[in-house]
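Take a look at the letters that make up each chain.
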Amino acid sequence: MIVLDKVNKWYGDYRALTDVSEQVEKNEVVVVCGPSGSGKSTLIRTLNRLEEIDSGTIAIDGRDIHAKGLDANELRAGIGFVFQHFNLFPHLTVLENCTLAPVSLKRASPKEAREYAMQLLEQVGLAHKRDAYPNALSGGQQQRVAIARSLAMRPPIMLFDEPTSALDPEMVGEVLQVMRSLTDQGMTMVCVTHEMGFAREVADRILFMSEGRILERAKPEDFFTNPQHPRAQQFLADRRRD
Ligand SMILES: Nc1ncnc2c1ncn2[C@@H]1O[C@H](COP(=O)(O)OP(=O)(O)OP(=O)(O)O)[C@@H](O)[C@H]1O
Ligand SMILES: [Mg+2]
């Protein structure tokens, strides 16, 4: 479903991604981990063209998403993306946050958009907050609304970049639970997360990055019990010490 071929990305003279080649299958859940600054966010942001690339190709469903002339806004509208800081619209209610894009970008009827949004809010456990404004919600609730809002566009792929790392610890679980339910439904997901328990439980595959390269790809079982690359071993040892 997602195919990266020798992707390179530079920020000025700093090489943030080096020859990254990888494939993500439909319905696959891939967790990307690695030390700070290793290029995880850069990589995931190239998948919906929030970052441009300097060479190589990225295809989603056979379409070259970095092709010149491709409408990046249209592309982004079709790929769910949830990151660290929930960027809900503060002046819209929870329900309005979830219906705005489907109605304005997908030309869904308001009624249909509301019905589907309510289903999704039900799914993330926040149907009762439909008329609340974001600032009246906890961080974990806001992040669950952000997920529902993304899902409202019926994306075939969801990207997550550390969706729980800005949350108070007691709210991490509720967001991970929602993400887990998506994997149960067969959503294709690429997640950057430091939640190794979650990774172990739901990932089909782990990608370990360091200095802009994918150094190891493994099933969670193998990655956590028997990492091959010395830097992956170091990374896991450091995390166990935390
Ligand atoms: N807009 C930018 N301009 C210049 N350098 C950047 C930019 N964004 C990222 N970088 C650099 O690229 C490298 C990779 O950054 P990236 O944010 O992808 O890392 P990361 O693995 O997501 O780290 P973290 O775990 O801290 O989120 C870092 O060295 C970072 O400083
Ligand atoms: Mg990052």
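Refer to the structure presented above.
Remember, predicted model here, so these are calculated numbers, not experimental data.

> Can you break down the overall build of the protein chain residue by residue, with the values?
Helix and strand counts for the protein chain stand at nine helices and 10 strands. Taken over the C-alpha trace, the protein chain has a radius of gyration of 18 Å; the compact-globule value for 242 residues is 18 Å, and the two agree within 12%. Reported as C-alpha extents along the three principal axes, the dimensions of the protein chain are approximately 50 × 45 × 30 Å. Counting over 242 residues, the protein chain shows a buried share of 53%. Here the contacts in the protein chain between residues at least 6 apart in sequence split such that 64% fall between residues at least 24 apart. In the protein chain, 29 side chains carry a positive charge and 33 a negative one; their mean positions are 2 Å apart.

> An account of the environment of I44 is requested, with residue identities and associated values reported.
Of note, I44 is situated in helix α1 (residues 40-46). For I44, a relative accessible area of 2% puts it in the buried group. I44 sits 147 residues away from C191 along the chain, and the two C-alpha atoms are 8.2 Å apart. When near neighbours in sequence (up to four residues on either side) are disregarded, I44 contacts F81, L159, F160, D161, V190 and V192.

> Before we move on, could you go through the sheet that holds strand β10 (residues 213-218) and cite the residues and values that matter?
Strand order in the open sheet formed by six strands is β6-β7-β8-β3-β9-β10, and the pairing between neighbours is mixed. Looking at the sheet topology across the chains shown, the edges are occupied by β6 (79-83) and β10. Geometrically, the sheet is characterised by an average inter-axis angle of 15° between neighbouring strands, direction not taken into account. Alignment of strand β7 (residues 157-161) against strand β8 (residues 188-192), held across five bridges, turns out to be parallel. Note that in β8 the partner of I157 across the bridge is T188. In the packing of helix α5 (residues 139-151) onto the sheet, the strands contacted are β6 and β7, and the crossing angle to β6 comes to about 170°. Each of β3 (29-33), β7 and β8 is contacted by helix α6 (residues 169-184), which is oriented at about 150° to β8, the strand it contacts most.

> How would you sum up the pairing of β3? Please name residues and give values.
Counting buried positions along β3 yields five of five residues, so the element is predominantly enclosed. Here β3 shows no split at all, with V29, V31 and C33 on one side and V30 and V32 on the other all buried. Pairing between β3 and β8: four bridges, direction parallel. Within β8, the position partnered with V31 by the bridge is C191. Note: β3 against strand β9 (residues 205-210), four bridges, orientation parallel.

> Go over the pattern of salt bridges with me, naming the residues and quoting the values.
Evaluated as defined, the whole model comprises 12 salt bridges. Taking the shortest distance from any N to any O, the salt bridge between K9 and E51 comes out at 3.4 Å. With K9 in strand β1 (residues 2-11) and E51 in the loop between α1 and β4 (55-60), this pair connects stretches of sequence that are 42 residues apart. The burial state of K9 is the same as that of E51; both residues are buried. With its nearest N and O atoms 3.6 Å apart, the salt bridge here joins D131 to R130.

> Describe the packing of aromatic side chains, naming the residues involved and giving the relevant values.
The full count for this structure, using the stated rule, is four aromatic pairs. Where F208 meets F223, the ring centres are 6.1 Å apart and the plane angle is 35°; that geometry is what we call tilted. Of the two residues, F208 is situated in strand β9 and F223 in helix α8 (residues 220-225); the sequence distance between them amounts to 15 residues. Of the two residues, F208 and F223, neither departs from the other in class, the shared state being buried. Through a chain of ring-to-ring contacts, three or more aromatic side chains come together here, namely F208, F223, F224 and F235. Directly above the ring of F89 sits R149, whose terminal nitrogen or CZ lies 5.1 Å from the centroid. Here R154 stacks its cationic end above the ring of Y116, 3.7 Å away from the centre of that ring.

> Describe the packing of helix α3 (residues 94-105) against α5, listing the residues and the values that go with them.
Between α3 and α5, whose axes approach to 8 Å, the crossing angle comes to 25°. Relative to α5, the element α3 is oriented roughly parallel. Of the two elements, α3 crosses α5, and the hand of that crossing is right-handed. On α5, the residues touching V94, N97 and C98 of α3 are V145, A148 and R149. Along the lines of polarity and charge, the residues of the contact of α3 with α5 split into four nonpolar, one polar and one charged.

What counts, and at which threshold
Residues numbered from 1 in each chain as written. Chains lettered and ligands numbered in written order. Predicted model: local features only at pLDDT ≥ 70, side-chain atom pairs only at ≥ 80, totals over all residues. Heavy atoms only, no water. Helix = DSSP H or I, 4+ residues; strand = E, 2+ residues; numbered from the N terminus. Rg over C-alpha atoms; globule rule 2.2 N^0.38 Å. Buried < 20%, exposed > 50% of the residue type's maximum accessible area, 1.4 Å probe, protein only. Contact = heavy atoms within 4.5 Å. Lys, Arg positive; Asp, Glu negative; His and termini not counted. Charge placed at Lys NZ, Arg CZ, Asp CG, Glu CD. Pairing = 2+ DSSP bridges. Axes fitted to C-alpha atoms, helices over the stretch in contact; angles between N-to-C directions. Salt bridge = Lys/Arg side-chain N within 4 Å of Asp/Glu carboxyl O. Phe/Tyr/Trp six-rings, centres within 6.5 Å; stacked < 30°, edge-to-face > 60°. Lys NZ or Arg CZ within 6 Å of the ring centre and 35° of its normal. Parallel < 35°, antiparallel > 145°, perpendicular 65-115°, else oblique. Left-handed = near helix turned anticlockwise from the far one by under 90°. Nonpolar A, V, L, I, M, F, W, Y, C, P; charged D, E, K, R; others polar.

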